[in-house]
Amino acid sequence: MTGYARAERAAGALRARVELKSVNGRGLDLRLRLAPGLEAAEIPLRQALAAALTRGSVTLVATIGRDGAGQGVRLNSQALDAVLAALDRLAGRVAAAPPRLDGILALPGVLELDEGLGADDEEAVVELLLACATEAIGRLQAARREEGARIAAVLLAHVETIAGLARRAADHPARSRAAIDARLREQLAVLARDVALDPDRLAQEVLLLATRADIREELDRLSAHVDAARQLLAEGGPVGRRLDFLAQEFNREANTLCSKSNAVELTAIGLDLKVVIDQLREQVQNIE
(Lines give C-alpha, C1' and ligand atoms only; values in the text may rest on other atoms or scores of the structure.)
Protein backbone atom coordinates (compact mmCIF):
# COMPACT_ATOMS: atom_id res chain seq x y z
CA MET A 1 0.00 0.00 0.00
CA THR A 2 1.15 3.51 -0.65
CA GLY A 3 1.57 6.24 1.92
CA TYR A 4 3.87 8.95 3.24
CA ALA A 5 4.47 10.22 6.77
CA ARG A 6 6.94 12.44 8.57
CA ALA A 7 7.61 13.18 12.22
CA GLU A 8 9.99 15.47 14.09
CA ARG A 9 10.85 15.35 17.77
CA ALA A 10 13.25 17.07 20.14
CA ALA A 11 14.72 16.09 23.48
CA GLY A 12 16.88 18.75 25.07
CA ALA A 13 19.34 19.91 22.46
CA LEU A 14 18.79 16.80 20.32
CA ARG A 15 16.34 16.95 17.43
CA ALA A 16 15.27 14.03 15.22
CA ARG A 17 13.42 13.71 11.95
CA VAL A 18 12.00 10.52 10.42
CA GLU A 19 10.38 10.22 6.99
CA LEU A 20 8.52 7.10 5.82
CA LYS A 21 7.43 6.24 2.30
CA SER A 22 5.50 3.10 1.39
CA VAL A 23 4.66 1.64 -2.02
CA ASN A 24 2.93 -1.60 -3.04
CA GLY A 25 4.78 -4.87 -2.57
CA ARG A 26 3.92 -8.56 -2.22
CA GLY A 27 5.96 -8.86 0.98
CA LEU A 28 7.57 -6.51 3.48
CA ASP A 29 10.72 -4.89 2.12
CA LEU A 30 12.40 -2.45 4.55
CA ARG A 31 15.03 0.04 3.41
CA LEU A 32 16.65 2.28 6.01
CA ARG A 33 18.72 5.35 5.21
CA LEU A 34 20.38 6.55 8.39
CA ALA A 35 22.72 9.49 8.84
CA PRO A 36 26.31 8.60 9.80
CA GLY A 37 26.64 7.65 13.45
CA LEU A 38 23.12 6.22 13.78
CA GLU A 39 24.00 2.59 13.11
CA ALA A 40 22.95 1.55 16.64
CA ALA A 41 19.36 2.53 15.85
CA GLU A 42 19.00 0.35 12.73
CA ILE A 43 17.92 -2.91 14.40
CA PRO A 44 15.39 -1.27 16.80
CA LEU A 45 13.94 0.72 13.89
CA ARG A 46 13.59 -2.41 11.75
CA GLN A 47 11.88 -4.21 14.62
CA ALA A 48 9.43 -1.34 15.10
CA LEU A 49 8.56 -1.31 11.39
CA ALA A 50 8.16 -5.10 11.19
CA ALA A 51 5.87 -5.08 14.25
CA ALA A 52 3.57 -2.46 12.71
CA LEU A 53 3.57 -3.36 8.99
CA THR A 54 3.20 -6.67 7.16
CA ARG A 55 3.32 -5.72 3.49
CA GLY A 56 4.80 -3.11 1.18
CA SER A 57 8.14 -1.66 0.17
CA VAL A 58 8.94 0.82 2.96
CA THR A 59 11.76 3.36 2.99
CA LEU A 60 12.78 5.11 6.22
CA VAL A 61 15.04 8.16 6.24
CA ALA A 62 16.31 9.31 9.65
CA THR A 63 18.47 12.28 10.61
CA ILE A 64 19.43 13.71 13.98
CA GLY A 65 21.38 16.71 15.19
CA ARG A 66 21.67 19.35 17.88
CA ASP A 67 20.36 22.86 18.14
CA GLY A 68 22.84 25.54 17.14
CA ALA A 69 23.70 26.27 20.78
CA GLY A 70 24.76 22.67 21.23
CA GLN A 71 27.23 22.67 18.37
CA GLY A 72 30.86 23.62 18.69
CA VAL A 73 34.30 23.30 17.17
CA ARG A 74 36.69 20.61 18.32
CA LEU A 75 40.44 20.65 17.81
CA ASN A 76 41.78 17.40 16.44
CA SER A 77 45.05 17.16 18.38
CA GLN A 78 46.40 14.23 16.39
CA ALA A 79 45.89 15.99 13.10
CA LEU A 80 47.47 19.17 14.47
CA ASP A 81 50.51 17.26 15.77
CA ALA A 82 50.97 15.62 12.38
CA VAL A 83 50.82 19.01 10.62
CA LEU A 84 53.34 20.60 13.04
CA ALA A 85 55.71 17.64 12.71
CA ALA A 86 55.59 17.98 8.94
CA LEU A 87 56.34 21.74 9.21
CA ASP A 88 59.36 21.02 11.44
CA ARG A 89 60.74 18.59 8.88
CA LEU A 90 60.32 21.13 6.09
CA ALA A 91 61.74 24.09 8.04
CA GLY A 92 65.38 23.31 7.21
CA ARG A 93 64.73 22.26 3.63
CA VAL A 94 62.41 24.94 2.25
CA ALA A 95 63.07 28.67 2.45
CA ALA A 96 59.70 30.14 3.30
CA ALA A 97 58.01 32.27 5.92
CA PRO A 98 56.54 30.40 8.89
CA PRO A 99 52.89 29.50 8.27
CA ARG A 100 50.25 31.56 10.04
CA LEU A 101 47.98 30.03 12.64
CA ASP A 102 44.82 30.60 10.62
CA GLY A 103 46.43 28.76 7.70
CA ILE A 104 47.23 25.76 9.90
CA LEU A 105 43.74 25.66 11.39
CA ALA A 106 42.23 25.85 7.91
CA LEU A 107 43.86 22.56 6.91
CA PRO A 108 41.34 19.68 6.55
CA GLY A 109 40.89 17.66 9.73
CA VAL A 110 42.54 20.08 12.14
CA LEU A 111 39.26 21.66 13.25
CA GLU A 112 36.07 19.55 13.32
CA LEU A 113 32.43 20.50 13.84
CA ASP A 114 31.22 18.86 17.02
CA GLU A 115 27.60 17.74 16.65
CA GLY A 116 27.63 16.38 20.16
CA LEU A 117 26.56 12.87 19.07
CA GLY A 118 29.34 10.93 20.67
CA ALA A 119 29.21 7.56 22.40
CA ASP A 120 27.84 9.14 25.57
CA ASP A 121 24.67 10.20 23.68
CA GLU A 122 24.03 6.91 21.86
CA GLU A 123 21.27 5.67 24.17
CA ALA A 124 19.48 9.03 24.11
CA VAL A 125 19.79 9.20 20.31
CA VAL A 126 18.29 5.72 19.82
CA GLU A 127 15.45 6.45 22.24
CA LEU A 128 14.62 9.73 20.51
CA LEU A 129 14.74 8.17 17.05
CA LEU A 130 12.46 5.33 18.12
CA ALA A 131 9.94 7.76 19.58
CA CYS A 132 10.03 9.81 16.39
CA ALA A 133 9.74 6.70 14.22
CA THR A 134 6.78 5.44 16.27
CA GLU A 135 4.95 8.70 15.63
CA ALA A 136 5.74 8.52 11.89
CA ILE A 137 4.64 4.87 11.73
CA GLY A 138 1.31 5.79 13.31
CA ARG A 139 0.75 8.47 10.70
CA LEU A 140 1.74 6.09 7.91
CA GLN A 141 -0.71 3.49 9.20
CA ALA A 142 -3.48 6.09 9.24
CA ALA A 143 -2.71 7.01 5.62
CA ARG A 144 -2.68 3.36 4.61
CA ARG A 145 -5.98 2.72 6.40
CA GLU A 146 -7.60 5.55 4.46
CA GLU A 147 -6.36 4.08 1.19
CA GLY A 148 -7.42 0.61 2.35
CA ALA A 149 -10.98 1.79 2.98
CA ARG A 150 -11.19 3.11 -0.58
CA ILE A 151 -9.76 -0.10 -2.05
CA ALA A 152 -12.07 -2.24 0.13
CA ALA A 153 -15.10 -0.63 -1.53
CA VAL A 154 -13.67 -1.51 -4.95
CA LEU A 155 -12.90 -5.08 -3.86
CA LEU A 156 -16.38 -5.56 -2.44
CA ALA A 157 -17.88 -4.38 -5.73
CA HIS A 158 -15.80 -6.99 -7.58
CA VAL A 159 -16.88 -9.71 -5.13
CA GLU A 160 -20.55 -8.80 -5.60
CA THR A 161 -20.09 -8.93 -9.38
CA ILE A 162 -18.63 -12.43 -9.02
CA ALA A 163 -21.61 -13.44 -6.87
CA GLY A 164 -24.02 -12.08 -9.49
CA LEU A 165 -22.30 -13.95 -12.33
CA ALA A 166 -22.35 -17.16 -10.29
CA ARG A 167 -26.12 -16.74 -9.77
CA ARG A 168 -26.58 -16.21 -13.50
CA ALA A 169 -24.70 -19.43 -14.18
CA ALA A 170 -26.73 -21.31 -11.56
CA ASP A 171 -30.03 -20.09 -13.04
CA HIS A 172 -29.09 -20.68 -16.67
CA PRO A 173 -31.36 -23.30 -18.25
CA ALA A 174 -28.47 -24.89 -20.14
CA ARG A 175 -27.07 -26.38 -16.92
CA SER A 176 -30.20 -28.38 -16.07
CA ARG A 177 -29.88 -32.17 -16.29
CA ALA A 178 -32.63 -32.30 -18.93
CA ALA A 179 -30.87 -29.71 -21.12
CA ILE A 180 -27.54 -31.49 -20.79
CA ASP A 181 -29.19 -34.84 -21.60
CA ALA A 182 -30.98 -33.44 -24.66
CA ARG A 183 -27.85 -31.75 -26.03
CA LEU A 184 -25.71 -34.86 -25.61
CA ARG A 185 -28.34 -37.12 -27.16
CA GLU A 186 -28.56 -34.75 -30.11
CA GLN A 187 -24.79 -34.89 -30.59
CA LEU A 188 -24.69 -38.67 -30.26
CA ALA A 189 -27.62 -39.05 -32.64
CA VAL A 190 -25.48 -37.44 -35.34
CA LEU A 191 -22.80 -40.04 -34.70
CA ALA A 192 -25.36 -42.85 -34.68
CA ARG A 193 -26.16 -42.20 -38.35
CA ASP A 194 -22.85 -43.78 -39.31
CA VAL A 195 -22.21 -46.04 -36.31
CA ALA A 196 -24.61 -48.45 -34.63
CA LEU A 197 -24.85 -47.65 -30.92
CA ASP A 198 -26.25 -49.96 -28.27
CA PRO A 199 -29.14 -48.14 -26.52
CA ASP A 200 -28.02 -49.23 -23.04
CA ARG A 201 -24.43 -48.18 -23.71
CA LEU A 202 -25.72 -44.92 -25.14
CA ALA A 203 -27.71 -44.25 -21.97
CA GLN A 204 -24.62 -44.93 -19.85
CA GLU A 205 -22.50 -42.54 -21.90
CA VAL A 206 -25.14 -39.84 -21.70
CA LEU A 207 -25.27 -40.19 -17.92
CA LEU A 208 -21.46 -40.10 -17.64
CA LEU A 209 -21.10 -37.03 -19.85
CA ALA A 210 -23.95 -35.27 -18.08
CA THR A 211 -22.22 -35.85 -14.75
CA ARG A 212 -18.96 -34.45 -16.07
CA ALA A 213 -20.75 -31.36 -17.41
CA ASP A 214 -22.43 -30.61 -14.08
CA ILE A 215 -21.04 -27.39 -12.55
CA ARG A 216 -22.88 -27.57 -9.23
CA GLU A 217 -19.70 -28.13 -7.23
CA GLU A 218 -17.96 -25.19 -8.88
CA LEU A 219 -20.91 -22.93 -8.15
CA ASP A 220 -21.03 -24.07 -4.52
CA ARG A 221 -17.33 -23.34 -4.08
CA LEU A 222 -17.70 -19.94 -5.74
CA SER A 223 -20.49 -19.11 -3.30
CA ALA A 224 -18.35 -20.22 -0.35
CA HIS A 225 -15.41 -18.09 -1.58
CA VAL A 226 -17.71 -15.08 -1.99
CA ASP A 227 -18.87 -15.44 1.63
CA ALA A 228 -15.26 -15.76 2.83
CA ALA A 229 -14.22 -12.64 0.89
CA ARG A 230 -17.11 -10.64 2.32
CA GLN A 231 -16.16 -11.71 5.84
CA LEU A 232 -12.50 -10.75 5.36
CA LEU A 233 -13.42 -7.33 4.02
CA ALA A 234 -15.80 -6.79 6.93
CA GLU A 235 -13.12 -7.78 9.47
CA GLY A 236 -10.54 -5.35 8.12
CA GLY A 237 -6.90 -5.50 9.20
CA PRO A 238 -4.06 -7.06 7.17
CA VAL A 239 -6.09 -9.43 4.94
CA GLY A 240 -4.17 -8.98 1.68
CA ARG A 241 -2.51 -12.41 1.66
CA ARG A 242 -5.75 -14.27 2.43
CA LEU A 243 -7.62 -12.33 -0.24
CA ASP A 244 -4.84 -13.13 -2.68
CA PHE A 245 -5.33 -16.84 -1.93
CA LEU A 246 -9.11 -16.50 -2.39
CA ALA A 247 -8.58 -14.78 -5.73
CA GLN A 248 -6.55 -17.78 -6.88
CA GLU A 249 -9.37 -20.10 -5.81
CA PHE A 250 -11.92 -17.93 -7.64
CA ASN A 251 -9.84 -18.25 -10.78
CA ARG A 252 -9.56 -22.02 -10.41
CA GLU A 253 -13.35 -22.43 -10.24
CA ALA A 254 -13.90 -20.08 -13.19
CA ASN A 255 -11.47 -22.11 -15.31
CA THR A 256 -13.26 -25.36 -14.42
CA LEU A 257 -16.63 -23.82 -15.16
CA CYS A 258 -15.43 -22.81 -18.64
CA SER A 259 -14.01 -26.27 -19.31
CA LYS A 260 -17.27 -27.98 -18.26
CA SER A 261 -19.58 -25.55 -20.04
CA ASN A 262 -22.00 -27.12 -22.48
CA ALA A 263 -23.41 -23.86 -23.82
CA VAL A 264 -22.02 -20.68 -25.35
CA GLU A 265 -23.88 -18.58 -22.77
CA LEU A 266 -22.29 -20.43 -19.84
CA THR A 267 -18.85 -20.06 -21.42
CA ALA A 268 -19.45 -16.32 -21.75
CA ILE A 269 -20.36 -16.13 -18.06
CA GLY A 270 -17.18 -18.03 -17.20
CA LEU A 271 -15.08 -15.60 -19.25
CA ASP A 272 -16.76 -12.63 -17.57
CA LEU A 273 -15.90 -14.23 -14.23
CA LYS A 274 -12.24 -14.49 -15.23
CA VAL A 275 -12.13 -10.81 -16.19
CA VAL A 276 -13.59 -9.68 -12.86
CA ILE A 277 -11.33 -12.05 -10.91
CA ASP A 278 -8.26 -10.63 -12.67
CA GLN A 279 -9.40 -7.14 -11.66
CA LEU A 280 -9.87 -8.37 -8.09
CA ARG A 281 -6.39 -9.91 -7.98
CA GLU A 282 -4.84 -6.72 -9.30
CA GLN A 283 -6.44 -4.65 -6.53
CA VAL A 284 -5.56 -7.22 -3.86
CA GLN A 285 -1.87 -6.59 -4.57
CA ASN A 286 -2.38 -3.01 -3.30
CA ILE A 287 -3.50 -3.88 0.23
CA GLU A 288 -1.69 -5.06 3.31
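Residues numbered from 1 in each chain as written. Predicted model: local features only at pLDDT ≥ 70, side-chain atom pairs only at ≥ 80, totals over all residues. Heavy atoms only, no water.

### A closer look at the pattern of salt bridges
Applying the stated criterion to the full structure yields 13 salt bridges. The partner of R221 in a salt bridge is E217, and the shortest N-O contact between them spans 3.8 Å. With R221 and E217 both in helix α7 (residues 216–235), this residue pair falls four residues apart, about one helical turn. When the shortest N-O distance is used, the salt bridge between E218 and R221 registers 3.4 Å. With a gap of three residues between them, E218 and R221 both fall in helix α7, about one helical turn apart. The partly exposed category is assigned to R221, whose relative accessible area is 33%. Through salt bridges with shared partners, a single network forms among E217, E218, R221 and E253. (Salt bridge = Lys/Arg side-chain N within 4 Å of Asp/Glu carboxyl O. Helix = DSSP H or I, 4+ residues; strand = E, 2+ residues; numbered from the N terminus. Buried < 20%, exposed > 50% of the residue type's maximum accessible area, 1.4 Å probe, protein only.)

### Re the packing of helix α4 (residues 122–171) against helix α9 (residues 264–284)
At their nearest, the axes of α4 and α9 sit 10 Å apart, and the two run at 165° to each other. Here α4 lies roughly antiparallel to α9, going by the angle between them. Classified by chirality, the crossing of α9 by α4 is left-handed. For the pair α4 and α9, contact is made by I151, V154, L155, H158, V159, T161, I162, L165, R168 and A169 and by L266, I269, D272, L273, V276, I277, Q279, L280, Q283 and V284, respectively. Taken together, the residues that form the contact of α4 with α9 break down as 14 nonpolar, four polar and two charged. (Axes fitted to C-alpha atoms, helices over the stretch in contact; angles between N-to-C directions. Parallel < 35°, antiparallel > 145°, perpendicular 65-115°, else oblique. Left-handed = near helix turned anticlockwise from the far one by under 90°. Contact = heavy atoms within 4.5 Å. Nonpolar A, V, L, I, M, F, W, Y, C, P; charged D, E, K, R; others polar.)

### Considerations on the sheet that holds strand β2 (residues 14–23)
Taken in spatial order, the four strands make up an open sheet running β1-β2-β4-β3, and their pairing is mixed. Strands with a single pairing partner mark the edges of an open sheet, and in this sheet they are β1 (3–11) and β3 (28–34). Sheet twist, expressed as the mean angle between neighbouring strand axes with direction ignored, is 15°. Where β3 lies against strand β4 (residues 56–66), seven bridges are found, and the strand directions are parallel. Each bridged residue has a counterpart across the sheet, and for L28 the counterpart in β4 is G56. Those strands touched by α4 are β1, β2 and β4, and its axis lies near 150° from that of β1. (Pairing = 2+ DSSP bridges.)

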